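# Architecture and fold: a report
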Amino acid sequence: MSDREEFLAGERLDDVALFLTDDYLDEQGKLANYGETVEGGVVLVEPGDDGRRLFAAGTGMKAMEFAQGAMDTEGAIVDDLSGGTCPAVEGEEGGDGEGNEAEDHRVKFVFAFAEAKNEEVGGLYADGDVIHAYAQCECGQSYSDRWVVDE
């Protein structure tokens, strides 16, 4: 099982995952060597602090500040973390709402972390471990999604 699969299965609750498009990868391809190559980029799963530093180095933003800003806008992030559907694309020509967006609505990067099941909090968190994912679109829109880990 890959690091990404373990993360998505809720087995790496102390780690963070990053999807960086090919545009964000360094010219020497060193980051790609540490992650799993997916269509359009690489998904890296790193220990929490290391992953947040890597996110900041790759994007120029602090991970948790980015997440706080993105959480106010709901969107759809692919459950393998390799893309998403920008909420700004709805109604625009060239977007179909199923991840096939106009050119200016491609995901630039995704930051994600998992939170352990917590029955005391209730709601979604009582159902199982929860993946929190935050994306930045080419158009500048940031958005978030979250879901319960499949068992």
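As the structure is a prediction and not an experimental result, all values here were calculated from the model.

### Comments concerning the sheet that holds strand β3 (residues 41–47)
The 6 strands are arranged β2-β3-β1-β6-β7-β8 in an open sheet whose pairing can be described as antiparallel. Both edges of this open sheet fall to β2 (36–38) and β8 (142–148), since each of them pairs with a single strand only. The average angle at which neighbouring strand axes cross in this sheet is 20°, direction not considered. Bridging between β2 and β3 involves 3 bridges; their strand directions are antiparallel. Paired with Thr37 across the two strands is Val42, which belongs to β3. Against the sheet, helix α3 (residues 48–59) engages β1 (15–21), β3 and β6 (107–115), with an angle of about 140° to β3. Contacts between helix α4 (residues 63–70) and the sheet are confined to β6, β7 (130–137) and β8, with β6 contributing the most and set at about 95° to the helix.

### Some points on the pattern of salt bridges
Counted according to the given criterion, the structure contains 8 salt bridges. Between Arg4 and Glu36 there is a salt bridge, with its nearest N and O atoms 2.7 Å apart. In this pair, Arg4 sits in helix α1 (residues 3–8) while Glu36 sits in strand β2, placing the two residues 32 residues apart along the sequence. For the salt bridge of Arg4 with Asp80, the shortest nitrogen-to-oxygen distance reads 3.6 Å.

### Remarks on α3
With 12 residues, α3 ought to run about 16 Å at 1.5 Å a step, and its terminal C-alpha atoms sit 16 Å apart, in line with that. Taken together, the buried positions of α3 are occupied by Gly48, Gly51, Phe55 and Thr59. Along the long axis of α3, the arc covered by the buried residues comes to 65°, so they all point the same way. Residues of α3 that are exposed and point over 90 degrees away from its buried face: Arg53 and Ala57. Residues of α3 that are buried sit in contact with β1, β3, α4 and β6.

### Here's the deal with a negative patch on the surface
Together, Asp22, Asp23, Asp104 and Glu138 give the surface a local cluster of negative charge. Relative to the helices and strands, Glu138 resides in the loop between β7 and β8. The class for Glu138 is partly exposed, based on a relative accessible area of 33%.

### Focus: the confidence of the model for the protein
The predicted model of the protein has a mean per-residue pLDDT of 86, with 83% of residues at 70 or higher. Taken together, the stretch residues 94–101 has pLDDT below 50 and engages in 16 contacts with residues farther than four places along the chain or on a different chain.

### Quick word on the pairing of β1
Of all 7 residues that make up β1, 7 are buried, and the element is covered over most of its length. Burial of β1 is two-sided: the residues Asp15, Ala17, Phe19 and Thr21 facing one way and the residues Val16, Leu18 and Leu20 facing the other way are all buried. Judged from the 7 bridges that link them, β1 and β3 form a sheet pairing that is antiparallel. By the bridge assignment for β3, Thr21 is matched with Gly41. Sheet topology note: the β1/β6 ladder contains 5 bridges and is antiparallel. Within β6, the position partnered with Val16 by the bridge is Phe113.

Thresholds, definitions, all that
- Residues numbered from 1 in each chain as written.
- Predicted model: local features only at pLDDT ≥ 70, side-chain atom pairs only at ≥ 80, totals over all residues.
- Heavy atoms only, no water.
- Pairing = 2+ DSSP bridges.
- Helix = DSSP H or I, 4+ residues; strand = E, 2+ residues; numbered from the N terminus.
- Axes fitted to C-alpha atoms, helices over the stretch in contact; angles between N-to-C directions.
- Contact = heavy atoms within 4.5 Å.
- Salt bridge = Lys/Arg side-chain N within 4 Å of Asp/Glu carboxyl O.
- Expected span 1.5 Å × (residues − 1).
- Buried < 20%, exposed > 50% of the residue type's maximum accessible area, 1.4 Å probe, protein only.
- Arc of directions from axis to C-beta.
- Patch = residues over 30% accessible without salt bridge, like charges linked within 9 Å, V, L, I, M, F, W, Y side chains within 5 Å.
- Areas by Shrake-Rupley, 256 points an atom, 1.4 Å probe, with all protein chains shown as cover.
- Lys, Arg positive; Asp, Glu negative; His and termini not counted.
- Charge placed at Lys NZ, Arg CZ, Asp CG, Glu CD.
- pLDDT = per-residue confidence, 0-100.

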